[in-house]
Amino acid sequence: MSRTKDAADAGREPYRKSIGAHVQHAARLHRALVARKLTILGLYPGQEQVLKILADGGDMTMGDLASALRVRPPTASKTVGRLAAQGLVERKNPGSGDGRLVRVGLTEAGREKAAALDDLWFAAEDEMLADLDGKDVKRLRKLLRRIEKTLLPHTADDQAEEEDELEEA
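1. With respect to the sheet that holds strand β3 (residues 103-106)
The strand order β1-β3-β2 describes an open sheet built from three strands, whose pairing is antiparallel. Only two strands of the sheet have a single neighbouring strand rather than two, namely β1 (60-61) and β2 (89-92). As defined by bridge partners, β1 adjoins β3 across two bridges and the pair is classed as antiparallel. Counted as the bridge partner of threonine 61 is arginine 103 from β3.

And the structure:
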């Protein structure tokens, strides 16, 4: 495509030509791919985050889990409730005498699902990067980290998107 045609197209639809639009679209496609794979495991997007955090960190309080997820405690509690109904997590009272202090941990079924998530993520990544060689993948990873580092100071503590994802779970 000629540079003149690119300029004309960009004049008509500048957003669609932007890097941000491509990143957003790729992220949306990746999220849909992962969501399809999660349904095979009987999970919804957002639930896998809870399972992996608990698998990696062990039992934790709802407050600690919410902090790790970067959401408010009621949002984490809602997701935990759904996972508990599936038999994947359990709420535990550590016997401290404070009934409000509840710890959350994985059940055996939850540990099995959490272990299966690694294969799911690797399969999704393989599909996403199938047309890139190793050098391209390394460069892409480096560029994305630079973009993240650049954007991080410009983002407020706005967690609406992450919370929306967990709300759906």
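2. A few points about a nonpolar patch on the surface
A grouping of Leu132, Leu140, Leu144, Ile147 and Leu151 is seen on the molecular surface, where their side chains present a nonpolar patch of about 380 Å² in accessible area. Within the fold, isoleucine 147 resides in helix α8 (residues 134-151).

3. Topic: helix α5 (residues 62-69)
When we look at burial in α5, the residues that qualify are Met62, Leu65, Ala66 and Leu69. For α5, the buried positions fall inside an angular range of 100° around the axis, keeping them on one side. Arginine 70 sits one or two residues past α5 and shows a positive phi near 65°.

What counts and what doesn't
Residues numbered from 1 in each chain as written. Predicted model: local features only at pLDDT ≥ 70, side-chain atom pairs only at ≥ 80, totals over all residues. Heavy atoms only, no water. Pairing = 2+ DSSP bridges. Helix = DSSP H or I, 4+ residues; strand = E, 2+ residues; numbered from the N terminus. Patch = residues over 30% accessible without salt bridge, like charges linked within 9 Å, V, L, I, M, F, W, Y side chains within 5 Å. Areas by Shrake-Rupley, 256 points an atom, 1.4 Å probe, with all protein chains shown as cover. Salt bridge = Lys/Arg side-chain N within 4 Å of Asp/Glu carboxyl O. Buried < 20%, exposed > 50% of the residue type's maximum accessible area, 1.4 Å probe, protein only. Arc of directions from axis to C-beta.

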